[in-house]
Structures are given as structure tokens and as C-alpha cells.
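Here are the chains, one letter per residue:
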Number of protein chains: 2
Amino acid sequence: MRLAVIGAGAVGRSVVELAGEHGHEVVAVADSSTAVVADGTGGSGGEAVGVDPDAVVARKAERGIVGDDDPADALAADYDVLVEATPTTLGDAEPGFSHVTTALERDRHAVLANKGPVAERYGDLRAAVGDSDGEIRFEATVGGAIPAVSTVEDIEPGHVTAVRGVLNGTANFILTRMAAEGLDYDHVLAEAQDLGVAEADPSFDVDGTDAALKCVILANVLSFGAVDDPADAREFTLEDADVSGIRDVPGSALRLAAEDGRTVRLIGEATGETVRVAPRLVPENGTLAVSGTQNIVQIETSHAGRLNISGRGAGGPETASAVLGDVGRLE
Amino acid sequence: MRLAVIGAGAVGRSVVELAGEHGHEVVAVADSSTAVVADGTGGSGGEAVGVDPDAVVARKAERGIVGDDDPADALAADYDVLVEATPTTLGDAEPGFSHVTTALERDRHAVLANKGPVAERYGDLRAAVGDSDGEIRFEATVGGAIPAVSTVEDIEPGHVTAVRGVLNGTANFILTRMAAEGLDYDHVLAEAQDLGVAEADPSFDVDGTDAALKCVILANVLSFGAVDDPADAREFTLEDADVSGIRDVPGSALRLAAEDGRTVRLIGEATGETVRVAPRLVPENGTLAVSGTQNIVQIETSHAGRLNISGRGAGGPETASAVLGDVGRLE
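Here the residue numbers are simple positions, counted from 1 along each chain's written sequence. Each chain takes a letter, starting from A, and each ligand takes a number, starting from 1, following the order in which they are written. Thresholds applied to this predicted model are a pLDDT of at least 70 for local features of residues and 80 or more for the giving and counting of side-chain atom pairs; totals over whole chains, interfaces and linings are not thresholded and use all residues. Values shown for side chains rest on all heavy atoms present in the structure; no hydrogens or waters enter the calculation.

**Some thoughts on the pattern of salt bridges**
Residue and element names in this part refer to chain A. Basic side-chain nitrogens of Lys or Arg form a salt bridge, by our definition, when they fall within 4 Å of a carboxyl oxygen of Asp or Glu. Overall, the coordinates contain 43 salt bridges over all chains when judged by the stated rule. Lys-60 is paired through a salt bridge with Asp-31; the nearest N and O atoms lie 3.0 Å apart. Of this pair, Lys-60 sits in helix H2 (residues 53-63) while Asp-31 sits in the loop between strand S2 (25-30) and strand S3 (35-37); the two residues are 29 residues apart in sequence, bridging distant segments of the chain. Put simply, DSSP H or I for four residues or longer makes a helix, DSSP E for two residues or longer makes a strand, and each gets a number counted from the N terminus.

Given below as C-alpha cells:
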């Protein structure tokens with residue numbers, strides 16, 4: 001498949017670097033202000049070749065640009081799948097939302113790593129897909145390398161009663177370290193920032209917003225998947241989520257929990273009706289008590305009991321792996 | 001999709017009962033000597049209807065037959081997908097293998113819950129698929145409700161370096177109980193048989209054969225998935241597996257392990273080159289130490305670290321869920 005990769009952050013760059021290994025060709029890359037578009041010629045056998053992945057990544061690293069073209073040229077290029085990997089934005093979810101609808105209006109596919117459109121405008125996305133020969137997939141928006149969305153899809157959303165889990169590695173790392181070392185939140189946050197596990201402004205992660213967006217996405221999948229007509233589905237956005245983060249979890253709570261064989265994790269849960277994110281007590285050797293930056297997704301099913309899937313929830317190559325898995329499913 | 005369900009044991013009956021909930025229609029059911037085939041008429045709107053699932057299951061329970069037709073009639077029926085759910089047989093894997101090739105020769109799809117053809121004749125199956133417009137899927141052959149095969153498929157076999165896990169619930173139940181109660185193998189086996197968790201002849205499970213067949217299937221998926229031409233792939237059969245079961249694990253080994261924070265589990269592992277099943281020491285609170293009849297599949301990937309998927313590895317509804325997930329992927 002020919003890919004147009006929109007977004008040249010960690011995920012976009014990893015997709016550009018790994019696409020060839022999966023048998024795909026990158027024909028265009030765009031960041032917020034520049035682009036590079038393959039000119040459709042040049043292979044030794046006369047076949048069309050894509051952009052040079054290593055050159056593009058190097059150019060971005062050294063000069064901060066991907067090429068001399070304009071992002072609009074990337075959106076207009078001859079691709080099979082548009083990969084939307086620009087930063088998550090809320091509310092109108094732009095410019096990511098329009099990147100996706102541009103692809104669909106051209107009857108091409110879109111694969112999202114960007115949570116914004118899927119969490120905040122799911123109804124509009126489904127309507128745009130309905131009018132298009134193209135499809136959308138968004139495994140990379142929930143749980144990185146963990147196949148959460150496709151597993152729910154294969155079991156069929158109507159047969160999934162709930163999905164819950166640890167969906168943010170930054171918050172989980174902090175809570176794990178607080179429990180392991182008996183340290184307070186502020187101390188461990190500083191450590192996490194030094195390690196690059198937490199951002200300079202960590203609120204998106206520690207306030208539970210990132211986990212909530214992922215749960216909103218899962219709630220939309222469950223809700224829309226349970227009905228035949230999208231018009232009958234209840235649509236969720238971030239506003240529907242009941243969210244508490246980890247800033248106010250004191251070290252004393254973790255010590256108390258440990259005396260009872262428990263610990264604290266930031267748990268998100270989605271059903272077809274509710275979305276909740278909050279710190280919760282869990283058994284310290286139990287399935288939900290994953291450590292460090294690991295994520296876990298727990299799927300409750302009607303006929304097959306509970307499934308647990310754990311793994312790396314974030315990272316360039318991990319998320320790119322989910323994006324390329326989606327591209328493979330579109331072939 | 002219209003299904004012909006071949007095999008009326010626990011799995012076949014569950015597929016018959018649950019197909020309607022997934023929007024599919026059962027047009028034929030066969031056991032080893034009888035069949036029922038829908039006659040293609042009769043809906044209130046004049047549309048063709050399938051067999052009556054409840055009536056078929058009841059008939060099998062009360063009279064030991066599914067209908068008055070012949071199994072050959074089921075194989076000749078007008079279906080989209082043949083579900084192969086007859087008992088696993090080794091070597092030539094008949095009659096299951098021929099049921100699948102009959103479907104493929106008619107350019108229809110086959111979904112297997114029967115491990116025999118996939119473990120023992122994978123090369124022949126792939127050749128038959130190559131000559132057909134139909135495809136095969138076999139999620140239900142490995143790990144019941146756990147989406148092991150489709151997850152490896154989505155990551156792409158060339159990017160999976162190994163798959164390992166606890167793949168037999170009977171053996172795992174026995175080891176779990178031996179560790180928990182300090183009892184010997186023979187005592188716990190008797191308990192397992194009373195509970196219906198172990199068969200009267202438990203050898204298939206406790207000798208590791210069942211786990212080995214599942215690992216052989218995974219090795220075939222990894223091996224054939226890593227090359228473009230099936231003729232270049234190394235084919236695995238049960239004979240290639242290095243297998244040790246749990247009959248000789250003494251209670252003392254478990255007590256010794258516990259003193260070191262470990263326990264014993266029957267672990268199967270497949271790479272593109274080897275297949276091994278043996279009892280192994282694992283951390284007692286670690287990921288591989290699932291309890292009771294639970295299964296776990298651990299997938300090592302090139303770019304996305306390790307994925308762990310745990311859940312119910314067996315059971316009629318659980319395995320039927322995997323079969324119907326495969327049917328959904330063929331639509």
C-alpha cells in the first residue's frame with residue numbers, strides 16, 4: 001500500500017522508517033508546515049518509488065523540515081492510506097479531522113494514531129465513512145502495541161460488556177515508583193520527567209485526560225458497534241467522561257494499601273453507557289497491577305469470559321506497529 | 001454468512017447456538033453419521049432460512065443424531081463457510097482435512113476448530129488455499145477465546161520472534177492445585193476428572209500433546225508467514241515438537257519452587273525454527289503463572305516488545321466465539 005504520513009513526530013517518523021519492512025511504500029510525508037512528495041518515478045526497473053525514509057527522518061532531525069513541498073501537496077498525493085499522526089487536539093479535533101475527511105472524500109483509507117477525531121467527533125467520522133469507499137482504522141489510538149480495538153472488533157462490540165485497564169504509562173510509572181520506593185508524588189514526577197517518561201507539562205497524563213480519551217474511543221466502539229444504524233448510537237466525547245487523575249494520591253494511601261496486599265492504579269473503564277477514569281485499589285499481584293510504563297486492557301465478553309492483554313502502551317515503534325497492522329487489515 | 005457446521009460436539013453445538021447472534025445462518029450441521037440440511041425455503045417473507053438451532057441441539061442431546069440427512073449432504077450444501085469442528089486426529093488428519101479441501105475445491109471458505117489439519121498438514125492446506133478462491137482461518141485451534149493467531153497475523157509473522165505460553169487448561173489446573181494444596185499429581189488428577197476438567201483418559205492433555213499441537217500450529221504460522229513463497233517455508237508437524245508432560249512433576253518440586261518464589265507451569269514455545277513443550281519454573285506471581293484452567297499467550301515482537309494475552313483457553317462458547325470471530329473476518 002502507498003502511505004501518506006501526516007505528522008512527523010515520534011510516531012510519524014517510526015511509521016516512515018518501518019513501512020518498508022511491512023511491504024508498504026511511503027509516497028508523502030508532512031509535518032505542520034512542510035512536506036515531501038515522491039514524484040512517482042525513479043526505480044531501477046522503471047517502477048514508481050516512494051520517498052527515501054532515512055533521508056526524510058534525517059532531514060527532520062537536522063533541519064526541522066521534511067521537505068520543500070507544502071502539506072497540501074501531501075494531502076493531494078496519490079496514496080492508498082493516509083496515516084494521521086499529528087498531535088491530539090480536542091473539541092473540533094482539527095487539523096486532524098479534516099485530514100481524515102479529505103482522504104475519505106477522495107475514497108481513500110485513513111489510519112489514525114491521533115485520538116482527537118475518534119474521541120471527539122466519532123459520529124462525524126462514521127458519517128464520512130458512510131459516504132466513502134474508504135474506511136478508517138484506529139488501533140494505535142488505544143494502548144499502543146496492544147490490539148485492543150481489533151480484539152473488541154473481532155469479538156464484536158455487541159458481545160463486549162466492558163473494557164477497562166491501565167491505559168497511561170506515565171501515570172502508571174509514577175504510581176509504581178511511589179509504591180516501590182515509598183516516595184511522594186512530586187518526587188517521583190521529577191524522576192519521571194528526568195527519564196523522559198513524563199512531559200515538562202505532565203497534566204495530560206497525570207490528570208487522566210489521555211486515559212479518558214482512550215476510554216471514550218472504546219465507548220464509541222462499543223456503542224456504535226452494538227447498533228445497525230449509526231444514527232441510533234449514543235456518541236461519547238471527552239465531556240462525557242468522569243475523570244480523576246493521580247495528583248492527589250498520597251504516598252500514605254499506597255502504604256496503607258500495601259498492608260492489605262493491594263496497590264493503586266489509574267484505571268479507566270468504558271461500557272456502552274459510561275466512561276470513568278480514577279485511581280483505584282487493585283490486588284498488588286493481580287492482573288491490573290502492571291508495572292512501570294506497561295499498559296493492560298481487560299475485555300469482559302458475553303460468551304468468552306474475560307480477556308487480558310498487556311504490553312507496551314506507547315512509543316514510536318510500538319505505535320507505528322499498530323498503525324502498520326491497521327494498514328495490513330485494509331489490504 | 002451461511003455456515004455448514006461439521007462436528008456436533010461441544011464446539012459445534014455452541015457455534016450452532018451462537019451463530020444467529022453474530023448475524024450468521026446455519027444451513028447444515030453434520031455429526032459423524034447424520035446431518036440436517038436446510039431446504040432453502042420457508043421464511044415468513046419468503047426468504048431462505050437455516051436450520052432451527054435449538055431443535056438441532058435438542059435432537060442431538062435426546063436422540064444422538066442431528067437429522068435424517070447424510071453428512072455428504074452437508075458437505076454439498078450451499079454455504080459460504082464450512083466450520084470444521086470434528087475431533088482432532090493426527091497424521092493424515094482425516095476426515096477433517098478432506099472436509100476442508102472439499103470446501104476449498106468448491107471455492108468456499110473453511111474455519112477450523114480442529115487442530116489436526118493445521119498442525120499435521122499445513123503445507124497441503126496452504127497449497128489447497130492457493131488453488132482456491134476460498135480462505136482458511138483457525139483462531140479457535142490455539143488458545144480458545146484468546147486471539148493468538150490473529151494477533152500474530154496483525155503484527156505480521158516476520159516481526160514475531162517467538163510465541164510461548166500456557167496453552168492447556170487441564171495441565172495448568174492440575175499444577176495450580178498441586179501447588180496450592182501441596183498434593184501429589186495422582187490425587188489432583190482424580191479431582192480434575194471429577195470436575196470434568198480432565199478426561200477419563202487425560203493423556204492428550206497431561207502428556208503435553210494438546211499444547212504441542214497448538215505450538216506446532218504457531219510455528220507453522222511464523223514459518224510460512226516469514227516467506228513469500230510457501231514452497232520456501234519449513235513445515236512443522238507434531239513429530240518436530242520436543243514434548244514433556246506433567247505426569248512426572250512431583251509435589252516436592254512445587255514445594256521447593258515455592259520456597260524460591262517460583263512455581264511450575266507447562267510452558268509451550270514456538271519460533272520459526274523450534275517447538276518445545278515442557279514443565280518450567282516461573283515466578284509465582286509472574287505473568288506466565290496463570291491459575292486454574294486459564295491460558296496465556298506471550299508474543300515476542302521485533303518492534304513492539306512483548307504482548308501478553310490471557311483468558312479462557314477452552315470451552316464450547318469460548319471456542320465458538322473464536323470460530324465466529326474468524327467468520328466475521330471472512331465477510
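Still more to cover.
**So, the packing of helix H6 (residues 122-130) of chain B against helix H11 (residues 209-225) of chain B**
Residue and element names in this part refer to chain B. Here, axes are lines fitted to C-alpha atoms. For helices the fit covers the stretch in contact, and angles between N-to-C directions go from 0 to 180 degrees. Where H6 meets H11, the closest approach of the two axes is 11 Å, and the angle between their N-to-C directions is 50°. With respect to H11, the axis of H6 lies oblique. Note on packing geometry: the crossing formed by H6 with H11 is right-handed. Counting all contacts with H6, which are made through Tyr-122, Gly-123 and Arg-126, the residues of H11 involved are Asn-220, Val-221 and Phe-224. Side-chain classes are defined by residue name, with Ala, Val, Leu, Ile, Met, Phe, Trp, Tyr, Cys and Pro counting as nonpolar, Asp, Glu, Lys and Arg as charged, and the others, Gly among them, as polar. Of the residues that constitute the contact of H6 with H11, the class distribution is three nonpolar, two polar and one charged. Reported orientations rely on four angle classes, namely roughly parallel under 35 degrees, roughly antiparallel over 145, roughly perpendicular from 65 to 115, and oblique for the rest. Crossing handedness is defined as follows: a turn of the near helix away from the far one that is anticlockwise and smaller than a right angle gives a left-handed crossing, while the clockwise case is right-handed. Contact between two residues is taken to exist if any of their heavy atoms lie within 4.5 Å; hydrogens are not considered.

**Looking at the interface of chain B and chain A**
Counting residues at the interface gives 28 residues for chain B, matched by 28 residues for chain A. Across the chain B/chain A interface, buried area totals approximately 2,400 Å², and carbon plus sulfur atoms make up 48% of it. Viewed at the interface, chain A and chain B are joined by two salt bridges. The closest approach of N and O atoms between Arg-329 of chain A and Asp-154 of chain B, which form a salt bridge, is 3.1 Å. Residues adjacent in sequence count toward polar contacts only when both atoms are side-chain atoms; beyond that, a polar contact is any pair of N or O atoms within 3.5 Å, and within protein one must be able to donate a hydrogen and the other to accept it. Scanning the region where chain B abuts chain A turns up eight residue pairs in polar contact (both at pLDDT 80 or more). Counting only elements with at least two residues in the side of chain B that touches chain A, the list comes to helix H7 (148-155), strand S12 (306-312) and helix H13 (316-330) of chain B. A total of seven residues in the side of chain B that touches chain A trace back to one element, the largest contributor, which is S12 of chain B. Tallied by class, residues from the side of chain B that touches chain A come to nine nonpolar, twelve polar and seven charged. DSSP calls a pair of strands paired once it identifies at least 2 bridges connecting them. Across three bridges, the pairing between strand S12 (residues 306-312) of chain A and S12 of chain B is antiparallel. Note on S12 of chain B: the bridge partner recorded for Ile-309 of chain A is Ile-309 of chain B. Defined here as a combined quantity, buried area equals the accessible surface (1.4 Å probe) lost by two parts on assembly, summed across both.

**Description of the environment of Gly-9 of chain B**
Residue and element names in this part refer to chain B. Within the element layout of this structure, Gly-9 appears in the loop between strand S1 (2-6) and helix H1 (10-18). We classify Gly-9 as partly exposed; its relative accessible area is 32%. Remark: the alpha-carbon pair of Gly-9 and Asp-326, spanning 317 residues in sequence, is separated by 19 Å. Note on classification: 1.4 Å probe, protein chains only; a residue is buried when its accessible area is under 20% of the maximum for its type, exposed when over 50%, partly exposed between these limits.

**Focus: the side chain of Thr-319 of chain A**
For Thr-319 of chain A, the location among the structural elements is in helix H13 (residues 316-330). Every residue in contact with Thr-319 of chain A, bar those within four places of it in the chain, is listed here: Val-11, Ala-113, Ala-140, Gly-144 and Ala-314 of chain A.

**Thoughts on the relation of the copies chain B and chain A**
Each copy is superposed on the other by least squares, with the fit set by C-alpha atoms of residues at a pLDDT of at least 70 in both. Least-squares fitting of chain B to chain A yields an RMSD of 0.0 Å, with the superposition described by an axial translation of 0.0 Å and a rotation of 180°. Taken together, the turn and the small shift mark the pair as related by a two-fold rotation axis. When C-alpha positions in chain B are compared against the rotation axis, the closest is assigned to Ile-309 of chain B, at 2.2 Å. Both copies present the same face, since 100% of the interface residues in chain B are matched by interface residues at the equivalent positions in chain A.

**Points about the pairing of S1 of chain B**
Residue and element names in this part refer to chain B. Taken across its five residues, S1 has four buried, putting it largely inside the fold. Pairing between S1 and strand S2 (residues 25-30): five bridges, direction parallel. Bridging across to S2, Arg-2 finds its partner in Glu-25. Viewed with both strands pointing away, a crossover whose connecting path from the first strand over the helix to the second turns clockwise is right-handed. With H1 bridging S1 and the parallel S2, this β-α-β connection has right-handed handedness.

**A look at the UniProt feature "binding site: L-homoserine" (unreviewed entry) in chain A**
UniProt positions are given in the numbering used here, feature names are shortened, and annotations may be inferred rather than shown by experiment. Under the local residue numbering, the UniProt record ascribes the feature "binding site: L-homoserine" (unreviewed entry) to Glu-199 of chain A. By the secondary structure assignment, Glu-199 of chain A is in the loop between helix H9 (185-195) and helix H10 (203-206).

**As for the sheet that holds strand S6 (residues 136-137) of chain A**
Residues and elements named next belong to chain A. Reading across the sheet, the six strands line up as S3-S2-S1-S4-S5-S6 and stay open at both edges, with mixed pairing between neighbours. The open sheet is flanked by S3 and S6, the only strands paired with a single partner. Sheet topology note: the strand S1 (residues 2-6)/strand S4 (residues 81-84) ladder contains four bridges and is parallel. Across the sheet, residue Leu-3 finds its bridge partner in S4, namely Val-81. Sheet strands in contact with H13 are S1, S4, strand S5 (109-112) and S6, and its direction is about 155° off that of S5.

**What to know about the nonpolar core**
In plain words, nonpolar cores are sets of buried Ala, Val, Leu, Ile, Met, Phe, Trp, Tyr and Cys residues tied together by side-chain atoms within 4.5 Å. In terms of nonpolar packing, the biggest core is built from 146 residues, with Ile-174 of chain A together with Ile-174 of chain B touching the most fellow members. Among the nonpolar cores identified, the runner-up in size contains 28 residues, and Ala-8, Val-11, Val-57 and Ala-140 of chain A belong to it.

**Digging into the environment of Asn-168 of chain B**
All names here are of chain B. Along the polypeptide, Asn-168 turns up in the loop between strand S7 (160-166) and helix H8 (169-181). Along the primary structure Asn-168 and Asp-133 are separated by 35 residues, whereas in three dimensions their C-alpha atoms are 34 Å apart. Those residues within four positions of Asn-168 in sequence are excluded, and the remaining contacts are Asp-205, Asp-210, Ala-211 and Asn-295. There is a polar contact of 3.2 Å between the side chain of Asn-168 and the backbone nitrogen of Thr-170.

**Remarks on helix H8 (residues 169-181) of chain A**
All names here are of chain A. The span expected for a helix works out to 1.5 Å for each residue beyond the first. Taking 1.5 Å per residue as the helical rise, H8 with its 13 residues ought to reach 18 Å, and the 18 Å between its terminal C-alpha atoms agrees with that figure. Three or more residues of H8 are buried, namely Gly-169, Thr-170, Ala-171, Asn-172, Phe-173, Ile-174, Leu-175, Thr-176 and Met-178. Of the residues flanking the start of H8, the one acting as N-cap is Asn-168, its side-chain oxygen 3.2 Å from the backbone nitrogen of Thr-170. Just downstream of H8, Gly-182 is the residue with a positive phi angle, here 65°.

**Overview of the domain arrangement of chain A**
Residues and elements named next belong to chain A. Where each domain begins and ends follows an automated or database-derived domain assignment. Taken domain by domain, chain A comprises domain 1 (1-143 + 316-326) and domain 2 (146-311). Taken over C-alpha atoms, the centre of domain 1 sits 27 Å from the centre of domain 2. Listed by partner, the interface residues are 16 residues for domain 1 and 22 residues for domain 2. The contact between domain 1 and domain 2 buries some 1,600 Å² in all, and 66% of this surface belongs to carbon and sulfur atoms.

**Remarks on the sheet that holds strand S6 (residues 136-137) of chain B**
All names here are of chain B. As summarised here, the arrangement of the six strands in space is S3-S2-S1-S4-S5-S6, forming an open sheet in which the pairing is mixed. Looking at which strands have only one partner, the edges of the open sheet turn out to be strand S3 (35-37) and S6. Strand direction decides the pairing type here: S2 and S3, joined by three bridges, are antiparallel. For Ala-28, the partnering residue across the bridge sits in S3 and is Val-37.

**Considering the environment of Ala-58 of chain A**
Residue and element names in this part refer to chain A. Mapped onto the elements, Ala-58 comes out in helix H2. On the basis of relative accessibility, which here comes to 28%, the residue Ala-58 falls in the partly exposed class. Along the chain, Ala-58 and Val-197 lie 139 residues apart, while their C-alpha atoms are 24 Å from each other.

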